Every structure is written in C-alpha cells, then in structure tokens.
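Residue-level listing of the chains:
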Amino acid sequence: MTVRHIEFEYLHNFRDLGGYRSTDGRTVIPGALYRSDSLGKLRGADWDRFLALGIRTVIDLRYPWEADAKGRVPEPHRFTYANLSIEHRPYDQAQIDPDIDPWRYLADRFAEVTEDGVEEIRQAIELIADAEPGPTVFHCTSGKDRTGLIAAFVLTLLDVPEKEILADFALTELATERLAADWHTANPGRTMRWPAYGRAPATIMELVLADLRDRHGSPTAYLTDHVGITPETVTRLRARLLTP
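This one's a predicted model, so the numbers in the text were calculated from it and none came from an experiment.

Each value, and the rule that gives it
- Residues numbered from 1 in each chain as written.
- Predicted model: local features only at pLDDT ≥ 70, side-chain atom pairs only at ≥ 80, totals over all residues.
- Heavy atoms only, no water.
- 1 Å grid on protein atoms, 1.4 Å probe; cavity = no way out; pocket = protein on both sides within 12 Å on 5 of 7 lines; lining within 4 Å.
- Points joined across faces, edges and corners; volume = space filled by probe spheres on them.
- Helix = DSSP H or I, 4+ residues; strand = E, 2+ residues; numbered from the N terminus.
- Nonpolar A, V, L, I, M, F, W, Y, C, P; charged D, E, K, R; others polar.
- Buried < 20%, exposed > 50% of the residue type's maximum accessible area, 1.4 Å probe, protein only.
- Pairing = 2+ DSSP bridges.
- Core = buried A, V, L, I, M, F, W, Y, C linked by side-chain atoms within 4.5 Å.
- Contact = heavy atoms within 4.5 Å.
- Expected span 1.5 Å × (residues − 1).
- Arc of directions from axis to C-beta.

Chemist: Could you give me a rundown of the layout of surface pockets, with the residues and numbers involved?
Modeler: Think of a ball as big as a water molecule: rolled over the atoms, this probe shows where empty space is left. What the largest pocket holds in volume is close to 1000 Å³. Surrounding the largest pocket, 32 residues form its lining, Glu-66, Lys-70, Thr-141, Ser-142 and Tyr-197 being those nearest its centre. Going through the elements one at a time, helix H2 (64-70) and helix H7 (176-186) are the ones with two or more residues in the lining of the largest pocket. Counting residues per element, the lining of the largest pocket draws most heavily on H7, at 5 residues. Tallied by class, the residues present in the lining of the largest pocket amount to 12 nonpolar, 8 polar and 12 charged.

This is the structure in structure tokens:
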C-alpha cells in the first residue's frame, strides 16, 4: 500500500499525490505534486526535510489575512510562490452547530467555493500545469477542505477514478486528532462547539462531486466549461504529472 503522509513534527497532513492510477493505466508520478496543511509551521528539522524534497512552486490557498497572521512558507523568495484564495466567504468550523448535518453543511460551503473562486481555481490548476521544473505543493490551513478541493480537481483532470479521489480526501482523517490539538493550542480559553472539527469523511467530497454533476453535468464539465480549463492545459497537466 502506498504511504502518502510524509512525517513532519509540525505539519500533520503533508501528502504525496503520486501513485494514483488514471483510467488509461498511467500513474501519477511520485514526488511531483504534494498537498499540505499550513507551511507557515515549518521550522527546524521540518524546514530541512521540506527543502530536501526539492519543491520549486508553492501555492497558498488561504486568505491573505490568514497568511499574514499565521505565516507563509519560510523564505518565499526561494520558490515560485502564489497566494490564491479560492474561498471568498469565511466561516468558523469550530463553531458549526452540532445539531445540523455537518457533511451537508460543509458540502454547501464547498459549493460556494466552486462558484466564488472560479478565477483562483483556474489559476491554481494552470500554475500546477505550467510551473517551472520541479515538484509543486499546494496548501491551506489544515490541508483538508480548500486543499482537498484542488486535489480532487487535479485528480479529476488526470482521469483518476472517483473512488480514488474520495479515498484521497478521506486520508485527512489520519491527521484529525493532531489538527484538533493544534486548534486548542492556538485558541486557549475558547470552546470548540463542533465535536467533528478536523474530520474529512469521503461523504463530503462525494456530495461535492454529486452537486457538480447536478449543476454542471459532471466535475470535468464544471472544470472545462465553467472554470475555463482548456484542453491544452489538461494536456500539459497530464504530461507533467502522469507517467508516459
């Protein structure tokens, strides 16, 4: 079984997207594209380990004010760095009403991102396709929702089966306990109202992809017809990230 999480002390959800197989039998190249929680946490031995991966492009999916408050990747001048906030309507997951259906609630927040963040989603995918030689990483705060959405879209364009896309999304569950612990450390004196903070069951992404089918015909049609991902971009993405 492919081990996707790369161990760091302060990062909890840093993963390699390599190893997934597309429907034509090709494989996503290991070590070419990573997804992560906030790179603002990098320091010490974690920073050395990150640099050893040879990453050249960093895509930060957070709001600029989040990056200002929590820190960007250290020494951003080392990289091609882009801050592309795909979310436009902030909300506090720790305060989600525990009496509502949390997975439907989160899927509805994802739907807002897919409509509000079209320009930034397109820019992020184009940058992944066209980045300078070397690995790319994209991240948000927990590496769960915004990061999970871009991961799902890239894997969709690489023609990876949906069951694998759902499984990739759910791998954040392995980091949930540490993500929740980080929240408590960063928010002393606050009460976490939602007991499922940091969870990422496949059900959420299953709902998101079903919503895109209902509204746009398919996730691929959403990306090509609504977001504006061109066939040329898809070709470059596949050439960059799939084995020959």
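Chemist: Can you break down empty space enclosed by the protein residue by residue, with the values?
Modeler: Per the stated rule, a full pass over the model turns up 1 cavity of 30 Å³ or more. Its boundaries defined by the atoms lining it, the largest cavity holds a volume of some 60 Å³. What lines the largest cavity is simply Ile-86, Glu-87, Tyr-91, Arg-109, Phe-110, Val-113, Asp-145, Arg-146 and Leu-149. If you list the elements that add at least two residues to the lining of the largest cavity, you get helix H3 (102-116) and helix H5 (146-157). Per-element accounting of the lining of the largest cavity gives the leading share, 3 residues, to H3. Of the residues in the lining of the largest cavity, the class split is 5 nonpolar, no polar and 4 charged.

Chemist: Summarise the pairing of strand E2 (residues 33-36); cite the residues concerned and give the values.
Modeler: On E2, burial covers both faces: Leu-33 and Arg-35 on one face and Tyr-34 and Ser-36 on the other are all buried. Two strands pair when backbone bridges link them, and E2 and strand E5 (residues 136-139) are joined in this way by 4 bridges, in the parallel orientation. Residue Ser-36 lies in a different strand from E5, and its bridge partner there is His-139.

Chemist: So what's going on with the environment of Ile-100? Residues and values would help.
Modeler: Along the chain, Ile-100 turns up in the loop between strand E4 (80-83) and H3. In sequence terms Ile-100 and Ala-186 are 86 residues apart; their C-alpha atoms lie 26 Å from each other.

Chemist: Hey, could you go over the nonpolar core for me, with residue numbers and the actual values?
Modeler: In this structure, Ile-121, Ile-128, Phe-138, Ile-150, Val-154, Leu-158 and Met-205 are the most contacted members of the largest nonpolar core, which totals 59 residues. Looking at this core, the elements with two or more residues in it are H3, helix H4 (118-130), H5, helix H6 (162-170), H7, helix H8 (202-216), helix H9 (219-227) and helix H10 (231-241). Per-element tally for this core: the top contributor is H5, with 8 residues. When near neighbours in sequence (up to four residues on either side) are disregarded, Met-205 contacts Phe-110, Gly-148, Leu-149, Ala-152, Ile-165, Leu-166 and Phe-169. Listed in part, the 14 residues of the second largest apolar core include Phe-8, Phe-14, Tyr-34 and Leu-39.

Chemist: So what about H8? Which residues, and what values?
Modeler: Residues spaced three or four apart along an α-helix face the same direction, because each turn holds 3.6 residues. The terminal C-alpha atoms of H8, which comprises 15 residues, lie 21 Å apart, in line with the 21 Å expected from a rise of 1.5 Å per residue. Within H8, burial applies to Ile-204, Met-205, Val-208, Leu-209, Asp-211 and Leu-212. Taken end-on, H8 shows its buried residues confined to a sector of 155°, consistent with a single buried face. Looking one or two places after H8, you find Gly-217, whose phi comes out positive at around 100°.

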